[in-house]
Amino acid sequence: SMGKLTLTDAVLGVTLTGISFFVAAVLLTILSHWDLNRLLINILSVLIMGLAILGVSLSQSFEALYSCFIIFGFAVGLYVSNQVCYVASYFIPSDYMIIRLSYVFVVMGIGALLGPVVAGPFSENFGMKYLYFFIGGLSLTGFFILFSYWLGKKVSEYRQLIDNR
């Protein structure tokens, strides 16, 4: 069983998350010249984020907790880095790319602004464990939305292929 989480434990968890975020960002940058399915990377990274953050709330040991933080950081690093690559590769001319990247960062900024405003009262009233359940649930909802979009695109492509025969 896990004892009380100290400030040192929390700092280590955040540090491990940051390191794994950095590793994922560097890895995706190295692989960015490959023809990757960017939407699929988004879908999988959101799924992994959701599962990892749920794992944080279910962790029974510090090792499991730190593992979840590392996995979460890696998934967030993939997601954030991939957003830039995704927008850059799908919006031409470049004027549109700049506008779309601005939208991505505005949405991320709104999340960064509202996150603490919502998380503080939520964790005070319900506890940190339930906050992670809530965040994990939101991430998994995002996964299902992205997956539905991807599936709709695949069905549309399949129908178009059948119609062209």
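Residues numbered from 1 in each chain as written. Predicted model: local features only at pLDDT ≥ 70, side-chain atom pairs only at ≥ 80, totals over all residues. Heavy atoms only, no water.

Remarks on a nonpolar patch on the surface
A surface patch of nonpolar side chains, amounting to about 800 Å² of accessible area, comprises Val106, Ile110, Leu113, Leu114, Val117, Val118, Phe134, Ile135 and Leu138. In terms of residue count, helix α4 (residues 94–126) provides more of the nonpolar patch than any other element does, six residues in total. Structurally, Val106 is set in helix α4. Accessibility expressed as a relative area gives 47% for Val106, which makes it partly exposed. (Patch = residues over 30% accessible without salt bridge, like charges linked within 9 Å, V, L, I, M, F, W, Y side chains within 5 Å. Areas by Shrake-Rupley, 256 points an atom, 1.4 Å probe, with all protein chains shown as cover. Salt bridge = Lys/Arg side-chain N within 4 Å of Asp/Glu carboxyl O. Helix = DSSP H or I, 4+ residues; strand = E, 2+ residues; numbered from the N terminus. Buried < 20%, exposed > 50% of the residue type's maximum accessible area, 1.4 Å probe, protein only.)

A look at the nonpolar core
Judged by nonpolar contacts, Leu39, Ile43, Val46, Met49, Ala75, Val76, Tyr86, Phe143 and Trp150 together constitute the single largest core of nine residues. Elements represented by at least two residues in this core include exactly α2 (38–58), α3 (62–90) and α5 (128–163). Tallying contributions element by element places α2 first for this core, with four residues. In contact with Ile43, other than residues within four places in its own chain, are Phe143, Leu146, Phe147 and Trp150. (Core = buried A, V, L, I, M, F, W, Y, C linked by side-chain atoms within 4.5 Å. Contact = heavy atoms within 4.5 Å.)

Concerning the packing of aromatic side chains
Two aromatic rings are characterised by how far apart their centres lie and by the angle between their planes. Counted under the stated rule, the structure contains seven aromatic pairs. Plain terms: the ring middles of Phe122 and Phe126 are 4.9 Å apart, the flat faces sit at 50° to each other, and that makes the pair tilted. A residue pair is termed a helical-turn pair when its members lie 3 or 4 positions apart in one helix, as Phe122 and Phe126 do in helix α4 at four residues. With centroids separated by 5.7 Å and ring planes inclined at 35°, the aromatic side chains of Phe147 and Trp150 adopt a geometry described as tilted. With Phe147 and Trp150 both in helix α5 and three residues apart, this pair spans about one turn of that helix. Joined through ring pairs, the aromatic side chains of Phe143, Phe144, Phe147 and Trp150 make up one cluster. (Phe/Tyr/Trp six-rings, centres within 6.5 Å; stacked < 30°, edge-to-face > 60°.)

Some details on helix α1 (residues 7–30)
The end-to-end C-alpha distance of α1, which contains 24 residues, comes to 35 Å, matching closely the 34 Å that a straight helix rising 1.5 Å per residue would cover. Buried residues of α1: Asp9, Gly13, Thr17, Ser20, Ala24, Ala25 and Leu28, and no others. (Expected span 1.5 Å × (residues − 1).)

Some details on the packing of α2 against α5
Across the interface, α2 lies against α5 with an axial gap of 8 Å and an inter-helix angle of 160°. The angle between α2 and α5 places the two elements in the roughly antiparallel class. Crossing of α2 against α5: the hand is left-handed. Of the residues belonging to the contact of α2 with α5, the class tally is 20 nonpolar, seven polar and two charged. (Axes fitted to C-alpha atoms, helices over the stretch in contact; angles between N-to-C directions. Parallel < 35°, antiparallel > 145°, perpendicular 65-115°, else oblique. Left-handed = near helix turned anticlockwise from the far one by under 90°. Nonpolar A, V, L, I, M, F, W, Y, C, P; charged D, E, K, R; others polar.)

Topic: the confidence of the model for the chain
Across the chain, pLDDT averages 84, with 93% of residues at or above 70. Of all the helices and strands in the chain, α4 carries the lowest mean pLDDT, 81, while α2 carries the highest, 89. (pLDDT = per-residue confidence, 0-100.)

Some words on the pattern of salt bridges
Applying the stated rule across the entire model yields one salt bridge. The shortest N-O distance in the salt bridge between Glu157 and Lys154 comes to 3.5 Å. Residue Glu157 and its partner Lys154 are both found in helix α5; the two are separated by three residues, about one turn of the helix. Taking relative accessible area as the criterion, Glu157 reaches 40% and is therefore assigned partly exposed.

Regarding the side chain of Asn42
Tracing the chain through its elements places Asn42 in helix α2. The contact partners of Asn42, leaving out residues within four places of it in the chain, are Tyr79, Asn82, Gln83, Tyr86 and Leu146.

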